[in-house]
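Letter by letter, the chains look like this.
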Amino acid sequence: MARTVVQERLVEVEAVEAPEEARRVPAGGEKTFRAYDPDQVLLMAPVLSEWIPEGDLAHFVSDLVGSGTLDLGAIYASYEEECGFPPYDPRLMVKLLVYGYANGVMSSRKLERATYRDVAVRMLCADQHPDYRSIARFRKRHLEALGELFVQALRLCRRAELVGLGSLALDGTKLRANASRHKAMSYERMVTKEQQLEAEIAGIRRNVDALLSEAERVDAQEDERFGADRRGDELPEELQRRETRLAKIREAKAALEAEAREAETARRAELAAQGKQPRAPRDGRDPFKPKPTAQRNFTDPESKIMKTSDGSFHQCYSGQAVVDSVAQVIVVAELSDQAPDAQQLEPALCQLDRNLQAIAAELAQGAVLTADAGYFSEENVQITSEHGLDPYIATGRFKHSEPQPPAPRGPVAKDASPKQRMARKTRTKKGRKIYSRRKAIVEPVFGQIGTVQDGRRVLIRGKPAARAQWRFECTIHNLLKLHRAGGLALLNTS
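Calculation rules
- Residues numbered from 1 in each chain as written.
- Predicted model: local features only at pLDDT ≥ 70, side-chain atom pairs only at ≥ 80, totals over all residues.
- Heavy atoms only, no water.
- Helix = DSSP H or I, 4+ residues; strand = E, 2+ residues; numbered from the N terminus.
- Buried < 20%, exposed > 50% of the residue type's maximum accessible area, 1.4 Å probe, protein only.
- Areas by Shrake-Rupley, 256 points an atom, 1.4 Å probe, with all protein chains shown as cover.
- Salt bridge = Lys/Arg side-chain N within 4 Å of Asp/Glu carboxyl O.
- Core = buried A, V, L, I, M, F, W, Y, C linked by side-chain atoms within 4.5 Å.
- Contact = heavy atoms within 4.5 Å.
- Pairing = 2+ DSSP bridges.
- Patch = residues over 30% accessible without salt bridge, like charges linked within 9 Å, V, L, I, M, F, W, Y side chains within 5 Å.
- Lys, Arg positive; Asp, Glu negative; His and termini not counted.
- Charge placed at Lys NZ, Arg CZ, Asp CG, Glu CD.
- Polar contact = N/O pair within 3.5 Å; in protein donor to acceptor, adjacent residues only side chain to side chain.
- Phe/Tyr/Trp six-rings, centres within 6.5 Å; stacked < 30°, edge-to-face > 60°.
- Lys NZ or Arg CZ within 6 Å of the ring centre and 35° of its normal.

A short note on the overall build of the protein
Then, number 1: Within the protein, the secondary structure is distributed over 19 helices and eight strands.
Then, number 2: Expressed as a percentage of the 494 residues in the protein, the buried residues total 40%.
Then, number 3: In the structure as shown, the protein presents an accessible area of about 29800 Å², 50% of it carried by carbon and sulfur atoms.

Written out as structure tokens, the structure is:
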């Protein structure tokens, strides 16, 4: 009987209700949504180009390079010898760089990552994945050729009727160099630091000689002092660092002195041609030596300290651009290591002449050039006219000691200075109308390059490389203008 009771207890167990958590309905379970299965097997198009919608920038870049519209002859010509593993096709690398720069991706590591993650980049690279070292080497090797694509892009925009050459605007922007302002040193401090380091090195050498003479007598002390894996006659690390630093300071100091001599020699030659005598510096220093405040950067010696738009000072280059009014296409892309804009007008107009000759184009009748007050000088007014452009350059404020500009109406005095004449010209009804368009023509271009292309900074050191990168950035800007206006179809209809 006892056995039966135990069996009943084992079988007859009360039902336990499931916990509330187990009875909950999954979130959204009672609602209706489209089917979502992350593990679903997809039948994708076997051609990568079909993954990208029509009209996408990737198709434009692919057609632009793949059809031969951009001539890559200069890049192909550099591959003369066959050695090692075959390199990547230049078409692949150019497509990758053009598309990357157009989307603000310039880092070689980010470009390599995009070949795996970005469908458009995967299509442009035909599912190949060049590593970041190959991308960086290709860009460094062909940087000059990439910069010269600017003229080809300008020619395409001209064929697409995006360039009128009737109204041009000149302006500049400060491009941050790949260098820190804290790595710069003034000439005065170089002289002081050079003497200090020479004294420190002499003192360390005396201590080293004493230590070495004592170490020759006691091998055990030598091992303890210099280490078992060292001979004992090497220079201490402290001395090596100081000697390396001293060598860099001497090199920078010599470069500043050479620049000062060259500049003073040129200045004296110019004064002699004008029949003038040079004045001695007020502080009594040698005019052929650098100013005490003259600086040189150790990271990128060719960059200069410049004041940027936010009022701060940084190591920069000055990027210059002449922009056409029809579609904001850049017709001149130049770069300088000098902050004043007035010195950049003549090089920009000389490049304009070369670019127009290269694309077989001419300025429109009565073409005008507008520029802000930073470009004004009597010489620049004359230079602009000599290049076939009617100048409208702001003169800035007149000093109290200067003759004030004449009224915008009525006759102009015969003895009026070029500055007075230009001030009156920009104040007339026609002049105000022409000059008022300057900001709308050129300033949005720098904003577009800075935001869309992230082109506010120069990644490569040295003025020639910085200039090539700036021209390539301007090339990308013009190609984006062509793409947004209708792409290569405009070339077939024009």
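That covers the picture; the talk isn't over yet.
Considerations on the pattern of salt bridges
Then, number 1: Under the defined criterion, the tally for this structure stands at nine salt bridges.
Then, number 2: Of the charged contacts in the structure, one is a salt bridge between Glu334 and Arg467, with a shortest N-O distance of 2.7 Å. A residue pair is termed long-range when its members are at least 10 positions apart, and Glu334 in strand E6 (residues 330-336) and Arg467 in helix H18 (residues 463-485) qualify at 133 residues.
Then, number 3: Exposure remark for Glu334: the relative accessible area of 11% places this residue in the buried category.
Then, number 4: One salt bridge in this structure joins Asp337 and Lys463, with 3.9 Å as the shortest N-O distance. Taken together, the positions of Asp337 in the loop between E6 and helix H13 (345-358) and Lys463 in helix H18 put the pair 126 residues apart, joining distant regions of the chain.
Then, number 5: Judged by its relative accessible area of 14%, Asp337 falls in the buried class.
Then, number 6: Accessibility expressed as a relative area gives 28% for Lys463, which makes it partly exposed.
Then, number 7: Among the charged side chains, a network of salt bridges with common partners joins Asp171, Arg438 and Glu443.

Digging into the nonpolar core
Then, number 1: Counting 92 residues, the largest nonpolar core has Ile330, Val331 and Trp470 as its most contacted members.
Then, number 2: The contacts of Val331, once residues within four sequence positions are left out, are Phe150, Leu154, Val163, Leu165, Leu168, Val322, Val323, Asp324, Leu352 and Asn355.

Focus: the environment of Ala58
Then, number 1: For Ala58, the position within the fold is in helix H2 (residues 57-66).
Then, number 2: Other than its neighbours up to four places away in sequence, Ala58 contacts Ile52, Tyr99, Ala120, Met123 and Leu124.

Looking at the pairing of strand E1 (residues 167-176)
Then, number 1: In the sheet, E1 pairs with strand E7 (residues 368-371) via four bridges, with the strands oriented parallel. Pairing of Ala169 across the sheet is with Thr370, part of E7.
Then, number 2: Judged from the nine bridges that link them, E1 and strand E5 (residues 313-324) form a sheet pairing that is antiparallel. Bridge pairing in E5 places Leu175 opposite Tyr317.

Observations regarding a negative patch on the surface
Then, number 1: There is a patch of like negative charges on the surface, built from Glu270, Glu346, Glu379 and Glu386.
Then, number 2: The residue Glu386 is located in helix H14 (residues 378-386) in this model.

Description of helix H15 (residues 418-427)
Then, number 1: Of all the positions in H15, only Lys419, Gln420, Met422, Ala423, Arg424 and Thr426 are classed as buried.
Then, number 2: In this structure, the buried residues of H15 make contact with H14, strand E8 (390-393) and helix H16 (429-435).

With respect to the environment of Glu302
Then, number 1: Take Glu302: it is sitting in the loop between strand E3 (295-297) and strand E4 (304-307).
Then, number 2: Note on Glu302: relative accessible area 33%, which makes it partly exposed.
Then, number 3: Spatially, the C-alpha atom of Glu302 lies 9.7 Å from that of Ser336, the residues being 34 residues apart in sequence.
Then, number 4: Setting aside anything within four residues of it in sequence, one finds Glu302 in contact with Tyr317, Asp337, Gly462, Lys463 and Pro464.
Then, number 5: A polar atom in the side chain of Glu302 sits 3.3 Å from the backbone nitrogen of Lys463.

A closer look at a positive patch on the surface
Then, number 1: Together, Arg409, Arg427, Lys429, Arg432 and Lys433 make up a region of like positive charge exposed at the surface.
Then, number 2: The element contributing the most residues to the positive patch is H16, with three residues.
Then, number 3: As for its placement among the helices and strands, Lys429 is situated in helix H16.

Things to note about the packing of aromatic side chains
Then, number 1: A full pass over the atoms with the stated rule returns two aromatic pairs.
Then, number 2: Seen in terms of ring centroids, Tyr101 and Phe472 are 5.0 Å apart; in terms of plane orientation they differ by 70 degrees. Their pairing is edge-to-face. Placement of Tyr101 in helix H4 (residues 90-102) and of Phe472 in helix H18 is noted, with a sequence separation of 371 residues between them. Accessibility assignment for this pair places Tyr101 and Phe472 in one class, buried.
Then, number 3: A ring pair is formed by Phe446 and Trp470, whose centres lie 6.4 Å apart and whose planes are at 20 degrees; its orientation type is stacked. With a gap of 24 residues between them, Phe446 in helix H17 (residues 438-451) and Trp470 in helix H18 connect regions that are remote in the sequence.
Then, number 4: Note on Phe446: relative accessible area 15%, which makes it buried.
Then, number 5: You can call Trp470 buried: its relative accessible area is 3%.
Then, number 6: Over the face of the ring belonging to Tyr132 we find Arg109, whose NZ or CZ atom lies 4.0 Å from the ring centre.
Then, number 7: In this arrangement the basic side chain of Lys425 is found over the ring face of Tyr392, its NZ or CZ atom lying 4.4 Å from the centre.

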